[in-house]
There are 2 protein chains.
Amino acid sequence: MFAYDMSKAGSESLYHYLYKCIQKDILFKKIEAHSRLPSKRSLAQNLGVSVVTVENAYAQLLAEGFIYSLPKKGFYVADIQAPTDPKMKRSKAGHKAIQKQDDEPERIKSQYICDFASNAADLESFPFTTWAKITREVLCERQRELLQVSPSEGILELRKAIAHMLEEFRGIRVEASQIVIGAGTDYLYGLLLQLLGLDKCYAVEDPGYNKISKLYSKYNVDFCFIPVESEDFVSAIEKSQAQVVHLSPSHHFPTGKVMPVAERYRLLSWAAASNDRYIIEDDYDSEFRMVGRPIPSLQNIDVLEKVIYLNTFSKTMTSTIRLSYMVLPKVLAQKFHDEFSFYSCTVSNLDQYAMARFMEGGFYETHINRMRNLYRAKRDTLLIEIRKSKLSKIATVYEEDAGLHFILGVNTALSDEEFCRRAKAKGVHIRALSEYYFEAEPSAHKFIINYSSVEKSQMAQAVQALANVIR
Amino acid sequence: MFAYDMSKAGSESLYHYLYKCIQKDILFKKIEAHSRLPSKRSLAQNLGVSVVTVENAYAQLLAEGFIYSLPKKGFYVADIQAPTDPKMKRSKAGHKAIQKQDDEPERIKSQYICDFASNAADLESFPFTTWAKITREVLCERQRELLQVSPSEGILELRKAIAHMLEEFRGIRVEASQIVIGAGTDYLYGLLLQLLGLDKCYAVEDPGYNKISKLYSKYNVDFCFIPVESEDFVSAIEKSQAQVVHLSPSHHFPTGKVMPVAERYRLLSWAAASNDRYIIEDDYDSEFRMVGRPIPSLQNIDVLEKVIYLNTFSKTMTSTIRLSYMVLPKVLAQKFHDEFSFYSCTVSNLDQYAMARFMEGGFYETHINRMRNLYRAKRDTLLIEIRKSKLSKIATVYEEDAGLHFILGVNTALSDEEFCRRAKAKGVHIRALSEYYFEAEPSAHKFIINYSSVEKSQMAQAVQALANVIR
């Protein structure tokens, strides 16, 4: 015992080698609990090392609790009960491999001619040069601010720019203090659940974006589905237990429908009837209405501060910059400030200052206008291709004016599953509307055409492939 | 009715002016519900505008649901029940102003000589030039990857760099697939609550970092406090209802204590006794142990995969880059992958790639070493100043070897509140240990000395000021 061969320390520091030797003997019970360790001086002499080396090894063992000291008596071995075989290094064998292999490329490049199922933005059109230039400018000019902690709600400069943009583009007048910035809409949904209450019942659209109901179930909150295609959406909400309604009135996903203004007012009346009722308005792609002016938001006509407006830069910029925001009614903004500002803002300062500058410089407006034209041209090309092809004899286009997708109704005997399967075999990735229903009766033979990420040059071929599915 | 003065349109487009006029008449009930609108042609003629103008105005009203159309009959006014006075612009008056004024500067510059209550990193030492250079390089060279959606767990390159660093610095061997990246520790805490279950009971250290219990209460989860200064921390956990323990064994905040290895093994044995038991190990400033080697993490000796290791770059880099990570035991990593990958990663690609490159290039290691030396020098200066001053006669320093704070015990009759108030009056911001207790009996006359953000040049004056508090 304690007769360690110090020449085996190799490149390691002597004290650390000694520490490891004693530690091992303690763990493997070669030294009994509560037995006294040799004095520093005698051990140093025995091993042929300096007293400082032993001192350092003992200090480390002491710090970690392998040994304890009794005043004027010396050092003693602690009583350590390891749960099983106390190997310091654990065996890796016998573990179920995690499905996702690390060696795989992060994204498998799409083998499709055309992917109508992706709602990604057009990557080629991202204003990379301007964005990179602005980011470099911020790095260069805002060094001090980049290291100063952002308020929980986000950096004021960005909140002001968003407030200004909302007024300009959407006619929404809010104060910067009502805005909360977060790293993505998911994150803000979660924050809202905490702010509005995990004990509330949330109404979710059916059919709908399934991420929302997934998130609600992960948070264990009570939620119910409201059929959006029923005659009377608002009556269905009235009949439900819901206190909070989560919806996209400007452009419902996936049906593409716009909520009529009469329903909007009825919904606001429903919310007004009780203090704890709120409406979460997810305005995710309202910037891209293809005909006429943007549909005014619910928030615009909300005199009673019942609407929480939520939007993201994922659709207009790129989802790889994590930036979303919500506009809280004043009473909730105050509650957020009082009770939730212990949370750190989830967006890094660099992204916040860069986005603020991008907006202040007018680049955002220019970019949106350019993208709207680009997407409109994509949509028009696609509609023309459909009209020209024999697909037009068996298919009808619905809801083509709002947002970045429309619905293609196909007169076919094929099941939706079979249609999608055959389309896939022909290189076209497409999803049926029926995949997005929860409890409501699915509307069959309708397909979602997301065209934002599809190249114009692929469209003729894709339409041809879809037409061939039905033969 | 419908006799609008189109010359008043001004710079607005004619169709939009017309749309607004009709909309107003509908909302103010000047046109009755279900009454028929004039035909496009006749209205165009009456107003002296083109048919296209009327067509566009009707189309917008139709899209928003102000009017409806009956085939072959024409357009009719919808029945809209606005909840109250249906003004399109809402009144801003009468609202309680939100406390935080927007015109205020974002951070009030500290008026203190010295802030021992701030746990911010030393801002002057942030390697801004290198970080900015690497960010510029990533912007320049990784354009394609910057626009490709990150996996929910984070970008593989960064997860690999973190796995490598954990092995090098902490002796922790994990696979990149066990790592989940998130925008800050708060965010990861929330994710963990969902992953482990909102129906579990969580044990929280008392005294402790109050953000954790705040977060737990916002998530409505059951939690209990475990007194860390009691004789037997693990027995207290055993007696509690807790299934999950949240702690910082390498450096407890605020007491600064290191959990002895015997307790660690007992804690692991406790966790091993049931499938749903887990330990959340928050290793927040383990990089900055000032004496000897870093204390091995609990994760190091966890043979049974019961420990979730969590750390952040906020302490080592800056909290304004939002980057934290957790290492999940394999079974939880699989569960995350199966059930939670619908969540988008909350960190932007730019920050992820920049951090990966910063680590791969060895800059992170260099930076940590430099910072450890810097902080050690700060600590040493401060300890010397205390020893030199008359404060040493009435004060004792505890737990000065781990992390970026230590405890100053003061022999005084003053209450903690009074001591802090007097210190503040003399320009020194300081917090009492007793402020961090929840249910346990607070240890009085102990104060937390966070020295990371304090300049060496301020220390003598700050110590002098504290000594003067007691006269």
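Because the structure is predicted, anything quoted here is derived from the model rather than measured. Here the residue numbers are simple positions, counted from 1 along each chain's written sequence. All chains are assigned letters beginning at A, and all ligands numbers beginning at 1, according to the order in which they are written. Only residues with pLDDT of 70 or above have their local features reported here, since the model is predicted, and side-chain atom pairs are shown and tallied only from 80 upward, although totals for entire chains, interfaces and linings are computed over all residues. Heavy atoms throughout the structure, all of them, feed into the side-chain values; hydrogens and water do not.

1. As for the packing of aromatic side chains
Here a Phe, Tyr or Trp ring, Trp counted by its six-membered ring, pairs with any other such ring whose centre lies within 6.5 Å, and the pair is stacked when the planes are under 30 degrees apart, edge-to-face when over 60, and tilted otherwise. Taken as a whole and assessed by the stated rule, the structure comprises 47 aromatic pairs over all chains. Pairing Tyr219 of chain A with Tyr219 of chain B gives two aromatic rings, centres 5.6 Å apart and planes at 15°, and the pair type is stacked. Within this pair, whereas Tyr219 of chain A is found in the loop between helix H8 (210–218) and strand S6 (222–227), its partner Tyr219 of chain B is found in the loop between helix H8 (210–218) and strand S6 (222–227), the two belonging to separate chains. Whether a residue is buried, partly exposed or exposed follows from its accessible area with a 1.4 Å probe, protein chains only, as a fraction of its type maximum: under 20%, in between, or over 50%, in that order. By relative accessible area, which is 8% here, Tyr219 of chain A ends up buried. By the ring-pair criterion, three or more aromatic residues cluster together here, those being Phe126, Phe128, Trp131, Phe358 and Phe363 of chain A. Only Lys NZ and Arg CZ are tested; either one counts as a charge over a ring when it is within 6 Å of the ring centre and within 35 degrees of the ring normal. The residue whose ring lies beneath Lys306 of chain B is Tyr278 of chain B, and the NZ or CZ to ring-centre distance is 4.7 Å. The numbering of helices and of strands both runs from the N terminus, where a helix is a DSSP run of H or I of at least 4 residues and a strand a run of E of at least 2.

2. Looking at helix H16 (residues 456–469) of chain B
To estimate how far a helix should extend, the number of its residues minus one is multiplied by 1.5 Å. In a regular helix each residue adds 1.5 Å, so 14 residues correspond to 20 Å; H16 of chain B covers 21 Å between its end C-alpha atoms and thus fits that length. Inspection of H16 of chain B places Met459, Ala462, Val463, Ala465, Leu466, Ala467, Asn468 and Val469 of chain B among the buried residues, and these make up the whole buried set.

3. Observations concerning the side chain of Lys315 of chain B
Residue and element names in this part refer to chain B. Along the chain, the position of Lys315 falls in the loop between strand S9 (307–312) and strand S10 (324–327). When charges are tallied, Lys and Arg are placed among the positive residues and Asp and Glu among the negative ones, while His and the ends of the chain are skipped. Each salt bridge in this description consists of a side-chain nitrogen of Lys or Arg and a carboxyl oxygen of Asp or Glu lying within 4 Å of one another. Here Lys315 is buried and forms no salt bridge, its nearest opposite-charge partner Asp285 lying at an N-O distance of 6.2 Å. Residue contacts are counted whenever heavy atoms from the two residues lie within 4.5 Å of one another. Beyond its immediate stretch of four places on either side in the chain, Lys315 contacts Asn119, Ala121, Tyr284, Asp285 and Phe288.

4. Some points on the domain arrangement of chain A
It is common to give the size of an interface as the accessible area that goes away when the parts come together. Residues and elements named next belong to chain A. Throughout, the edges of the domains are those of an automatic or database domain assignment. The assigned domain composition of chain A is domain 1 (6–77), domain 2 (106–126 + 366–469) and domain 3 (146–361). Its C-alpha centre places domain 2 at a distance of 27 Å from the equivalent point of domain 3. Residue-level contacts link 27 residues of domain 2 with 33 residues of domain 3. Counting the surface lost from both domain 2 and domain 3, the interface buries some 2,700 Å², and carbon and sulfur atoms represent 63% of this. Here domain 2 is connected to domain 3 by 1 salt bridge. Two residues, Glu399 and Lys257, come together in a salt bridge whose shortest N-O distance is 3.8 Å. Buried area: the accessible area, evaluated with a 1.4 Å probe, that two parts lose upon being put together, summed over both parts.

5. Looking at the pattern of salt bridges
Under the definition given, this model contains 46 salt bridges over all chains. Here Glu55 of chain B ties to Lys40 of chain B by a salt bridge, and the two come within 3.9 Å at their closest N and O atoms. Note that Glu55 of chain B is positioned in helix H3 (residues 51–64) and Lys40 of chain B in helix H2 (residues 40–47), a separation of 15 residues in sequence. When its relative accessible area of 26% is taken as the criterion, Lys40 of chain B is described as partly exposed. Here Arg421 of chain B ties to Glu418 of chain B by a salt bridge, and the two come within 2.9 Å at their closest N and O atoms. Taken together, the residues Arg421 of chain B and Glu418 of chain B, both in helix H15 (residues 416–425) and 3 residues apart, mark about one turn of the helix. A relative accessible area of 23% places Glu418 of chain B in the partly exposed class. Linked through salt bridges whose partners overlap, the residues forming this network are Lys133, Glu137, Glu141 and Arg357 of chain A.

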